[in-house]
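As a plain string of letters, each chain reads:
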Amino acid sequence: MPARPSILITRPLPGDALDLLRIQADVETWPERQAPPRAELLRLVAGRDGILVIGDRVNDELLDAAGPQLRGIAQYGVGYDNVDVAACTRRGAAVSNTPGVLSGTTAEIAWALILATARRVTEAERLVRAGGWGAAGFGALMGVDVGGATLGIVGMGRIGQEVARRALGFRMEVLYHQRRRLDPSIERELNATYVPFEALLERSDFVSVHAPATPETRHLMNAAAFARMKPGAILINTSRGTLVDQEALIAALDAGRLRAAGLDVTDPEPIAADHPLVGRDDVVVLPHIGSATHATRAKMTEMCVKNLLAALHGERMPWVVDPAVYDRP
Ligand code: DGY
């Protein structure tokens, strides 16, 4: 390990695990909750041995600015579509993420959105705040039942499985689709049925998206997908905004094809308050809070610290994304 390695963290983080890092390294934390402006970030990464990023774009430009001593990049989150992993691997900088600890927490935000959209929770709450309860009267704000409905899960990884697990309590029929079928024992435990993507769209009352953002999944939920969905179905997205063609979503909602959408992620983020998706009664938009609980975020900090410490010691990061980085000559 270099005498006193230098680490940059691009936001203030919860949890006390950073104290461990500070014992062994000089740690600079960008003090604001908003990401550093790009030019500032490029200046700040120069000469660092490790960096901890939260969705900040890591590409050749940033790696050039950092310099050849950079050993590890810890992404705070399970998704790492912001990182050009191949570019990092080429330069011998290992990349890590924080899988597992946030699965249940993120599944719960998907569930919050399922219930909020089905029962028009945020719309109803806004009505009460605005003094509209009396005028709305009996029969207003009718929704749809969640219990007994069909839930289609696109991407049955850790988070998708936690969403399915919680659906057991709602006695839902759960369909899922992804490239590879799950082990039958997991299907039985989750009472989930593997179906082609088209069948999932046609049969589901709720479609919840949990696939990673890749070039292949960009606009997976597009006009053709919405046209196949059950009339009156609800779309939930807690993965990445790029998986949904937002213009096509607005068109499907306007046409009454979809009943509602619940989105914890948008493209871009943050989404502007005057964006056509925001302010609609049939769309609930959250500011990417899938993993935002005290306990989960503290665990994520701890995982990032373990990853960075390993990188600084020349050891394998426990949650390395591309192990090929360790096979380089
Ligand atoms: C993740 O873990 O990828 C969440 O979206 C937080 O970024």
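Everything below is about the structure printed above this text.
S.K.: Explain the overall build of the chain to me, please; I cannot follow it from the model alone.
M.R.: The number of helices and strands found in the chain is 13 helices and 12 strands. Here the C-alpha atoms of the chain give a radius of gyration of 22 Å, agreeing with the 20 Å that 2.2 N^0.38 yields for 329 residues. Each principal axis of the C-alpha atoms in the chain carries an extent, and together these give about 70 × 50 × 35 Å. The buried share of the chain, taken over its 329 residues, is 49%. For the chain, long-range pairs separated by at least 24 residues make up 59% of all intrachain contacts whose partners lie at least 6 apart in sequence. Of the side chains in the chain, 36 bear a positive and 39 a negative charge, and the two mean positions are spaced by 3 Å.

S.K.: What is the right way to look at the site of the ligand in this model?
M.R.: In the vicinity of the ligand, the contacting residues are Gly77, Val78, Gly79, Leu102, Arg240 and His288. Gly79 is positioned such that a nitrogen or oxygen atom in its backbone is 2.8 Å from an oxygen atom of the ligand. At 2.6 Å, a side-chain N or O of His288 approaches an oxygen atom of the ligand. Contact with the protein chains removes 85% of the 230 Å² of surface that the ligand exposes when unbound. Along the lines of polarity and charge, the residues of the shell around the ligand split into 2 nonpolar, 3 polar and 1 charged.

S.K.: Any chance you could explain the packing of helix α5 (residues 103-118) against helix α8 (residues 158-167) here in plain terms?
M.R.: Two measures define how a pair of helices packs: the angle their axes make with one another and the distance between the axes. Where α5 meets α8, the closest approach of the two axes is 8 Å, and the angle between their N-to-C directions is 60 degrees. When the interaxial angle is binned, α5 and α8 end up oblique. The crossing of α5 and α8 is right-handed. Along its contact with α5, which presents Ser103, Gly104, Thr106, Ala107, Glu108, Ala110 and Trp111, the element α8 presents Arg158, Ile159, Glu162, Val163, Arg166 and Ala167.

S.K.: Looking at this model, I keep getting lost on helix α12 (residues 246-254). Mind explaining?
M.R.: Every α-helix carries 3.6 residues per turn, so stepping three or four residues along brings you back to the same face. Within the sequence span of α12, burial applies to Gln246, Ala248, Leu249, Ile250, Ala252 and Leu253. Of the surrounding secondary structure, the elements contacted by the buried residues of α12 are α11 (223-228), β10 (233-237), β11 (258-263) and β12 (283-285). Measuring from the side-chain oxygen of the N-cap residue of α12 to the backbone nitrogen of Glu247 gives 3.2 Å; that N-cap residue is Asp245. Positive phi appears at Gly256, one or two residues downstream of α12, with a value of about 75 degrees.

S.K.: Mind showing me how you'd approach the packing of aromatic side chains here?
M.R.: Two aromatic rings are characterised by how far apart their centres lie and by the angle between their planes. According to the stated counting rule, one finds 2 aromatic pairs in the structure shown. Relative to Phe170, the ring of Trp111 lies with its centre 4.6 Å away and its plane at 20 degrees, an arrangement referred to as stacked. Here Trp111 is found in helix α5, whereas its partner Phe170 is found in the loop between α8 and β7 (173-177), with 59 residues between them in sequence. What makes Trp111 buried here is its relative accessible area of 5%.

S.K.: Looking at this structure, I do not really get the nonpolar core. What am I missing?
M.R.: Considering soluble globular proteins, one finds that nonpolar side chains tend to be buried as a cluster. Grouped together as the largest cluster of nonpolar side chains are 30 residues, with contacts concentrated most on Met221, Phe226, Leu235 and Leu249. Among the elements of the structure, α10 (197-203), β9 (206-209), α11, β10, α12 and β11 are those that each provide at least two residues to this core. Per-element tally for this core: the top contributor is α12, with 5 residues. Once residues lying within four places of it in the same chain are set aside, the contact partners of Phe226 are Met221, Leu235, Val244, Asp245, Ala248, Leu249, Ala252, Arg257 and Leu258. Grouped together as the second largest cluster of nonpolar side chains are 27 residues, Ala107, Ala110, Ala116 and Ile236 included.

S.K.: Can you help me understand the side chain of Gln161 in this one?
M.R.: By the element assignment, Gln161 lies in helix α8. Since its relative accessible area comes to 17%, Gln161 is described here as buried. Not counting the four nearest positions on each side in its chain, Gln161 is found in contact with Met156, Leu182, Ile186 and Leu190.

S.K.: Just to check I follow, could you spell out the pairing of β11 for this structure?
M.R.: Looking along a regular strand, one sees the side chains alternate between the two faces of the sheet. With 5 of 6 residues buried, β11 lies mostly within the body of the structure. The pairing of β10 with β11 spans 5 bridges and is classified as parallel. Paired with Asn237 across the bridge in β11 is Leu263. For the crossover from β10 across α12 to β11, the handedness is right-handed. Bridge count between β11 and β12: 3 bridges; the pairing is parallel. Bridge pairing in β12 links Leu263 to Val285.

S.K.: Even after reading the chapter, I still don't get the pattern of salt bridges, so can you show me in this structure?
M.R.: Inspection of every chain in the model, using the stated rule, returns 24 salt bridges. Close ionic contact of Glu162 with Arg166 constitutes a salt bridge, the shortest N to O distance being 2.8 Å. Placement of both Glu162 and Arg166 in helix α8 is noted, with a separation of 4 residues, approximately one turn of the helix. Residue Arg166 is classed as partly exposed on the basis of its relative accessible area, which comes to 26%. By sharing partners, the salt bridges in this structure join Glu108, Glu162, Arg165, Arg166 and Glu189 into a single network.

S.K.: Sorry if this is basic, but what is going on with the sheet that holds strand β4 (residues 72-75) here?
M.R.: By definition, the strands of a sheet pair up through backbone hydrogen bonds, in either a parallel or an antiparallel sense. Taken in spatial order, the 5 strands of this open sheet run β2-β1-β3-β4-β5, and their pairing is parallel. At either end of the open sheet lies a strand with only one pairing partner, and these are β2 (26-29) and β5 (94-96). Each strand axis lies, on average, 15 degrees off the axis of its neighbour in the sheet, ignoring direction. Here strand β1 (residues 6-9) runs beside β2; their pairing, made up of 4 bridges, is parallel. What sits directly across from Ser6, in β2, is Asp26. Running at roughly 175 degrees to β4, helix α13 (residues 294-312) makes contact with β1, β3 (50-53), β4 and β5 of the sheet.

The rules behind each value
Residues numbered from 1 in each chain as written. Predicted model: local features only at pLDDT ≥ 70, side-chain atom pairs only at ≥ 80, totals over all residues. Heavy atoms only, no water. Helix = DSSP H or I, 4+ residues; strand = E, 2+ residues; numbered from the N terminus. Rg over C-alpha atoms; globule rule 2.2 N^0.38 Å. Buried < 20%, exposed > 50% of the residue type's maximum accessible area, 1.4 Å probe, protein only. Contact = heavy atoms within 4.5 Å. Lys, Arg positive; Asp, Glu negative; His and termini not counted. Charge placed at Lys NZ, Arg CZ, Asp CG, Glu CD. Near = heavy atom within 4 Å. Polar contact = N/O pair within 3.5 Å; in protein donor to acceptor, adjacent residues only side chain to side chain. Areas by Shrake-Rupley, 256 points an atom, 1.4 Å probe, with all protein chains shown as cover. Nonpolar A, V, L, I, M, F, W, Y, C, P; charged D, E, K, R; others polar. Axes fitted to C-alpha atoms, helices over the stretch in contact; angles between N-to-C directions. Parallel < 35°, antiparallel > 145°, perpendicular 65-115°, else oblique. Left-handed = near helix turned anticlockwise from the far one by under 90°. Phe/Tyr/Trp six-rings, centres within 6.5 Å; stacked < 30°, edge-to-face > 60°. Core = buried A, V, L, I, M, F, W, Y, C linked by side-chain atoms within 4.5 Å. Pairing = 2+ DSSP bridges. Right-handed = clockwise from strand over helix to strand, strands pointing away. Salt bridge = Lys/Arg side-chain N within 4 Å of Asp/Glu carboxyl O.

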